[in-house]
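Here are the chains, one letter per residue:
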Amino acid sequence: MKHLLQSLPQIHQLLQDEEFKDLQKEILKPIIQELIQSLRQQINNQEIHSLCLNTLKSQIKHLYTQRTSSTIAPLINATGVVLQTNLGRSLFSEEILQEVLPLLQTYNNLEYDITKGKRSERYIHISHLLCTLLGCEDAIVVNNNASAVLLVLNTFGANQEVIISRGELVEIGGAFRIPEVMKLSNSKLIEVGTTNKTHLKDYEEAISPQTALLMKAHQSNFRQIGFCSSVEFEELTKLATKHNIIDYYDLGSGYMKGLQTKEEPSILEICSKNPSLLSFSGDKLFGGPQAGVIVGKKHLIDKLKKNHLLRALRVDKFTILTLEATLRAYLNQEFHKIPTLSMLNLTQEELLSKAKKLHSLLDTIPNLKCQISPVDSLAGGGSLPQTPFHSYAVLLHSPLFKTSSLETQLRQKRIITRIISEQICLDLRCLFEKDFELIAKTLKEIVCKTS
Ligand SMILES: *Cc1c(COP(=O)(O)O)cnc(C)c1O
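This one's a predicted model, so the numbers in the text were calculated from it and none came from an experiment. (Residues numbered from 1 in each chain as written. Predicted model: local features only at pLDDT ≥ 70, side-chain atom pairs only at ≥ 80, totals over all residues. Heavy atoms only, no water.)

A. Summary view of the overall build of the chain. Counting its regular elements, the chain contains 18 helices and 18 strands. Overall, the C-alpha framework of the chain stretches about 85 × 55 × 50 Å when taken along its three principal axes. Across the 451 residues that make up the chain, the buried fraction comes to 48%. When contacts within the chain are restricted to residue pairs at least 6 apart in sequence, those whose partners lie at least 24 apart make up 75%. Here the chain displays about 23100 Å² of accessible surface, and carbon together with sulfur accounts for 52% of that area. When the 51 positive and 47 negative side-chain charges of the chain are each reduced to one mean point, those points stand 4 Å apart. (Helix = DSSP H or I, 4+ residues; strand = E, 2+ residues; numbered from the N terminus. Buried < 20%, exposed > 50% of the residue type's maximum accessible area, 1.4 Å probe, protein only. Contact = heavy atoms within 4.5 Å. Areas by Shrake-Rupley, 256 points an atom, 1.4 Å probe, with all protein chains shown as cover. Lys, Arg positive; Asp, Glu negative; His and termini not counted. Charge placed at Lys NZ, Arg CZ, Asp CG, Glu CD.)

B. Examining the site of the ligand more closely. Not every one of the 13 residues close to the ligand is listed here, only the nearest: Arg-89, Ala-146, Asp-250, Ser-281 and Lys-284. Within the side chain of Asp-250, a nitrogen or oxygen atom sits 2.8 Å from a nitrogen atom of the ligand. Note that an oxygen atom of the ligand is positioned 2.9 Å from one of the side-chain N or O atoms of Lys-284. When the free accessible area of the ligand is taken as 380 Å², the share hidden by the protein chains comes to 92%. The set of elements that each furnish at least two residues to the shell around the ligand consists of helix 7 (145-157) and strand 11 (246-252). For the shell around the ligand, the class distribution of residues is 3 nonpolar, 7 polar and 3 charged. (Near = heavy atom within 4 Å. Polar contact = N/O pair within 3.5 Å; in protein donor to acceptor, adjacent residues only side chain to side chain. Nonpolar A, V, L, I, M, F, W, Y, C, P; charged D, E, K, R; others polar.)

C. A look at the environment of Val-170. If you trace the backbone, Val-170 turns up in the loop between strand 6 (161-165) and strand 7 (171-172). A residue is classified by how much of its surface remains accessible, and Val-170, at 10% relative accessible area, is buried. Through-space distance from the C-alpha of Val-170 to that of Ala-146 is 13 Å; in sequence the pair is 24 residues apart. When neighbours within four sequence positions are excluded, Val-170 is seen to be in contact with Phe-176, Arg-177, Ile-178, His-218, Gln-219 and Phe-222.

D. Inspection of the pattern of salt bridges at higher detail. Within this structure, the stated rule accounts for 25 salt bridges. Linking Glu-180 and Lys-183 is a salt bridge whose minimum nitrogen-to-oxygen distance equals 3.8 Å. Linking Glu-180 with Lys-183, this pair stays in helix 8 (residues 178-184), spanning 3 residues, or about one helical turn. A salt bridge links Lys-434 to Asp-435, with the nearest nitrogen and oxygen atoms 3.8 Å apart. (Salt bridge = Lys/Arg side-chain N within 4 Å of Asp/Glu carboxyl O.)

E. Focus on the packing of helix 5 (residues 94-104) against helix 14 (residues 317-331). Contact geometry for helix 5 and helix 14: axes closest at 9 Å, N-to-C directions at 145°. As helix 5 runs across helix 14, the sense of the crossing is right-handed. Here Ile-96, Glu-99, Val-100, Leu-103 and Leu-104 of helix 5 lie close against helix 14, whose contacting residues are Lys-317, Phe-318, Leu-321, Thr-322, Ala-325, Thr-326 and Arg-328. When the residues that make up the contact of helix 5 with helix 14 are grouped by side-chain class, the tally is 7 nonpolar, 2 polar and 3 charged. (Axes fitted to C-alpha atoms, helices over the stretch in contact; angles between N-to-C directions. Left-handed = near helix turned anticlockwise from the far one by under 90°.)

F. View of the packing of aromatic side chains. Across all of its chains, the model carries 5 aromatic pairs by this definition. Their ring planes at 85° and their centres at 5.6 Å tell us that Phe-92 and Phe-318 sit as a pair that is edge-to-face. Placement of Phe-92 in the loop between strand 2 (81-83) and helix 5 and of Phe-318 in helix 14 is noted, with a sequence separation of 226 residues between them. Phe-92 gets classed as partly exposed once you look at its relative accessible area, which sits at 28%. Exposure remark for Phe-318: the relative accessible area of 29% places this residue in the partly exposed category. Of note, Lys-197 hangs over the ring of Phe-227, and the distance from its end group to the ring centre comes to 3.8 Å. (Phe/Tyr/Trp six-rings, centres within 6.5 Å; stacked < 30°, edge-to-face > 60°. Lys NZ or Arg CZ within 6 Å of the ring centre and 35° of its normal.)

G. Main features of helix 3 (residues 25-44). With 20 residues, helix 3 should cover 28 Å at 1.5 Å per step; its first-to-last C-alpha distance of 28 Å lies within 8% of that length. Next to the buried residues of helix 3 lie helix 1 (2-7), helix 2 (11-15) and helix 4 (53-68). Immediately downstream of helix 3, the backbone of Gln-46 shows phi near 55°, a positive value. (Expected span 1.5 Å × (residues − 1).)

H. Here's a closer look at the environment of His-397. Note on placement: His-397 falls in strand 15 (residues 389-397). Aside from chain neighbours lying at most four places away, what touches His-397 is Asn-367, Leu-368, Lys-369, Thr-403, Leu-406, Glu-422 and Gln-423. Polar side-chain contacts of His-397 include one of 2.8 Å to the side chain of Gln-423.

I. Structural context of the sheet that holds strand 2. Spatially, 5 strands are ordered 2-14-15-18-17 in an open sheet, and the strand pairing comes out mixed. Each end of this open sheet is capped by a strand with a single partner; those strands are strand 2 and strand 17 (418-420). The average undirected angle you get between the axes of adjacent strands in this sheet is 45°. As defined by bridge partners, strand 14 (residues 369-380) adjoins strand 15 across 9 bridges and the pair is classed as antiparallel. When the bridges of strand 15 are listed, Gln-371 appears paired with Leu-395. Each of strand 14, strand 15 and strand 18 (423-427) is contacted by helix 16 (residues 348-362), which is oriented at about 10° to strand 15, the strand it contacts most. Relative to strand 18, helix 17 (residues 403-412) is tilted by about 40°, and along the sheet it contacts strand 15, strand 17 and strand 18. (Pairing = 2+ DSSP bridges.)

J. A look at unusual backbone geometry. Backbone geometry places Gln-46, a non-glycine residue, at a positive phi of 55°. As for its position among the elements, Gln-46 is in the loop between helix 3 and helix 4. A relative accessible area of 53% places Gln-46 in the exposed class. Phi angles above zero are rare outside glycine, and Asn-244 is one such case at about 60°. Note on placement: Asn-244 falls in the loop between helix 10 (233-242) and strand 11. Among the residues examined, Asn-244 registers a relative accessible area of 71% and is labelled exposed.

If you want it as structure tokens, here you go:
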């Protein structure tokens, strides 16, 4: 054991080794220290009885590569779920990126009034577009919709009361819970109604001199069916106006336009009822960057701008630019520039034709059984859980593997799928034709290496 310990290479010798001459010493040193330390421990515990310098060197190189390479990489989304927080939510189109790229590589007037030679506001670049699109008085944008809720509640509800229905005190993905955000904002939560039913009179009876806000929160993908009822936001707006308080709707995944669904009204339709404040996520159905967009009455947005919390929730130029470009795409009805909409609007014919192309590539692979099948995809991101997005998929299985093992192997090659009745489902909705060859090649490698 003593002999083995003595034969451990010196750290400074390894650092100077010819094989590592091109590597950065500051990154290399802690790696070598770590590995030598672990070897020493293994020798002391009598877990190893010999040393191999070459193995150690290749371990060092392996760790070096691991620590200096990117951990984020492209994935192929074959799940059919368009908006997945885990997979990065909304995508940007080539067109939108080409519009913003030159502005990211140069100085610009993000917060500068060229005529006056004075500081201006970064929010004006998006507020005039939102006002044109939605007919609202003003708008502001923060980091995400969770920030938007926090800012609104803290600005208007701090040390006062906020009334909300018990049926809307939901938790959504990423542990966003309305009651917790209320606490953080220092506002007092006043729950009204019951889990399944809340009526307008429940709100009205709870209004007191301390009431600042009537709030509605979208239930996201939580749905109540059967004996249940809630109050339309429009009714809350009227009630708030009557009592001279503020109505606020945390809409979550609102959609602007260009989408066929009867499940809920668009942001535009909600805005036409003249609400005090409304906020929604930028990277859900809206299809833009991560952001929390707040629209509504000008005197209220002005108050939000005066809250120092806004400085901490401030968005950068990338968000402003991509949001602005997305809003212009909406204004000009250029929906093809918004991949989230394009994917959700794919027709049955388009999906079937894509399925046939993928199927013809996969059908030639030995040991793979595949067939085209109609499936339902989801919007995701907590949006429109009851709107079926009819799609087509290639379903496949292999006699060589259990389907769960095939799913794992595909996932490790960065192809994310789901399993439907013991078959791998490749839903065509979020697949790009440019990826078909790679999918075929990967599947071929998996089934041919074993046979
Ligand atoms: C998604 C969602 C949020 C949080 O929005 P982020 O943009 O993810 O911060 C808040 N409220 C509702 C109702 C949501 O659906």
